[in-house]
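Geometric and topological summary
Read off the chains here:
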Amino acid sequence: MYYEINGNILPQVRLVDKAVLEPPYVHRKRQADEWILYIMTKGTLYLQENNKKYVLTEGDVILLDPDYIHFGLEASYCEYYYIHFRHPQIKRRRENSRFMERCMRLRSESLQEDGGSWQRYQDSRICFPKKISLSTGNTYLKVIRLVQEAMEHNCNQMENYKVSCACRLVEAFVEIARESVSIEMLKRTQGVPQSYHKVHEVLGYLNANYDKDISSKMIEDEFACNFDYLNRVFKKTIGKTIFVYLNEIRIQHAREVLGTTSMKIAAIAYRVGFRDECYFSKVFKKYTGMSPGQYEKLTAQLIEAQQKPM
């Protein structure tokens, strides 16, 4: 089972703390009137919810549903973080191939989208797994850090402390949801050449480093893979070559800067990864149909027209 959480709405966090259970204590039977997130850090917790039994160990995360009764099955030593919260828009979803395909499609679309657009806020559903094992990797460490920060904010009780606490919880939701998609993608691509797995790594690399002077040699060194082969796999998966995609990112960022600042065109070109202003202008016109100077004037005229009183 998965849950769809509306990420545009902050959860209302009541409690964030850490529990330590020692025998002969067994987790008590209850049906809470709120959602509860458990993140295991040590030992084993034997738990049952809605007729399903769970054996939770270090790195496991489970979201307990307020519509179901949950209780411990046997005494054992364990430590875990727990977060009690309410949220007005969480929907249950049965795990199936179509659901996971949608999650994976969103991953690809997100890596290729316009970062300056409001569009993604229209579809900000976080696909959160009922249970997931984070092992003890980087995602697990990030989630633990975010929960610890949420605890600190929830304890200091300065103004807006609940907002800060809720923001950390949403970040943790996102990290866990991303990991669940990554795990599923690896399962479904078993036997596929490693370079296919690297395509999404390349996408992330280009989005994070578009402002650098990236060459095919740099990409080969970064991903320990022949560039021509990786470029073919990238085009087959994404529909365009690595450098076409890179230029699209650069031009999109250039449009954002041209439309919102008074920076010189040469400075903008350098800022988005072009070391030659003339080449930048040529590429910009190819993708937008106008020169950077023309685009800057058009944007200024549109802003001026919007600011005029009706």
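Above this text sits the structure in question.
Heads up: these notes are all about the structure in this document. Note that residues are indexed from 1 along each chain, following the sequence as it is written. Given that the model is predicted, a residue must reach a pLDDT of at least 70 before its local features are reported, and side-chain atom pairs must reach 80 or more before they are shown or counted; all residues, however, enter totals for whole chains, interfaces and linings. Heavy atoms throughout the structure, all of them, feed into the side-chain values; hydrogens and water do not.

Side note on the environment of His70
Secondary-structure assignment places His70 in strand 6 (residues 70-72). C-alpha of His70 to C-alpha of Lys53: the two residues are 17 residues apart in sequence and 9.6 Å apart in space. Whether two residues are in contact is decided by their heavy atoms, any of which lying within 4.5 Å being enough. Those residues in contact with His70, other than ones at most four positions away along the chain, are His27, Arg28, Lys29, Arg30, Ile36, Tyr38, Leu47, Gln48, Glu49 and Leu64. Secondary structure counts use DSSP, requiring at least four H or I residues in a row for a helix and at least two E residues in a row for a strand, with both numbered from the N terminus.

Quick word on the environment of His200
For His200, the position within the fold is in helix 4 (residues 194-209). The buried label goes to any residue with under 20% of its type's maximum accessible area, the exposed label to any with over 50%, and the partly exposed label to all in between, with areas taken from a 1.4 Å probe on protein chains only. A residue is classified by how much of its surface remains accessible, and His200, at 19% relative accessible area, is buried. Taking C-alpha positions, His200 is 8.8 Å from Phe234, a pair spaced 34 residues apart along the chain.

Here's the deal with the packing of helix 6 (residues 227-238) against helix 7 (residues 242-260)
All axes here are fitted lines through C-alpha atoms, helices being fitted over the stretch that makes contact, and every angle between N-to-C directions spans 0 to 180 degrees. With their axes 9 Å apart at the nearest point, helix 6 and helix 7 run at an angle of 65 degrees to one another. Relative to helix 7, the element helix 6 lies roughly perpendicular. Of the residues in helix 7, those touching helix 6 at Phe227, Leu230, Asn231 and Phe234 are Ile242, Phe243 and Tyr245. Classification convention: Asp, Glu, Lys, Arg as charged; Ala, Val, Leu, Ile, Met, Phe, Trp, Tyr, Cys, Pro as nonpolar; all other residues, Gly among them, as polar. Here the contact of helix 6 with helix 7 is built from residues that sort into six nonpolar, one polar and no charged. For this classification, under 35 degrees means roughly parallel, over 145 means roughly antiparallel, 65 to 115 means roughly perpendicular, and everything else is oblique.

Here's the deal with the pairing of strand 9 (residues 125-129)
Counting buried positions along strand 9 yields four of five residues, so the element is predominantly enclosed. Pairing analysis gives five bridges linking strand 1 (residues 2-6) to strand 9, with the strands arranged antiparallel. Its bridge partner lying in strand 9, Asn6 is registered against Arg125. Two strands form a pair only when DSSP identifies at least two bridges running between them.

Looking at helix 2 (residues 138-156)
End to end, helix 2 covers 27 Å across 19 residues, agreeing with the expected 27 Å (1.5 Å per residue, within 8%). For helix 2, the complete set of buried residues consists of Thr139, Tyr140, Val143, Ile144, Leu146, Val147, Ala150, Met151 and Asn154. An end-on view of helix 2 places all buried positions within 165 degrees of arc, on one side of the element. Structural note: helix 2 exposes Asn138, Leu141 and Glu152 on the side pointing more than 90 degrees away from its buried face. Looking at the residues trailing helix 2, positive phi occurs at Gln157, about 55 degrees. Here, expected helix span is obtained from the residue count minus one, scaled by 1.5 Å. An arc is given here, and it is the one of the directions from the helix axis to the C-beta atoms.

Concerning the pattern of salt bridges
Salt bridges are counted wherever a side-chain nitrogen of Lys or Arg sits within 4 Å of a carboxyl oxygen of Asp or Glu. In this structure the tally under the stated criterion is 13 salt bridges. Between Arg92 and Asp67 there is a salt bridge whose closest N-O contact spans 2.5 Å. Of this pair, Arg92 sits in strand 8 (residues 90-93) while Asp67 sits in the loop between strand 5 (60-64) and strand 6, and the two are 25 residues apart along the sequence. Taking the relative accessible area as the measure of exposure, Arg92 reaches 33% and is therefore partly exposed. Asp221 serves as the salt-bridge partner of Lys217, at 2.8 Å between the closest nitrogen and oxygen.

Overview of the side chain of Ser180
The topology assignment puts Ser180 in helix 3 (residues 161-188). What makes Ser180 buried here is its relative accessible area of 5%. Polar contact is defined as a pair of N or O atoms within 3.5 Å, subject to the rule that within protein one atom must be able to donate a hydrogen and the other to accept it, and that residues adjacent in sequence are counted only when both atoms are side-chain atoms. Of the polar contacts made by the side chain of Ser180, one reaches the backbone oxygen of Ala177; its length is 2.6 Å.

Some remarks on the sheet that holds strand 9
Here we have three strands laid out as an open sheet, ordered 8-1-9, and antiparallel in their pairing. Among the strands making up the open sheet, the edge pair consists of strand 8 and strand 9. Taken over all neighbouring pairs, the strand axes of this sheet differ in orientation by 25 degrees on average, direction set aside. As paired elements, strand 1 and strand 8 share four bridges and run antiparallel to each other. In the strand pairing of strand 8, Glu4 is matched with Lys91.

Take it as geometry only, folks, not as evidence of what the structure does.
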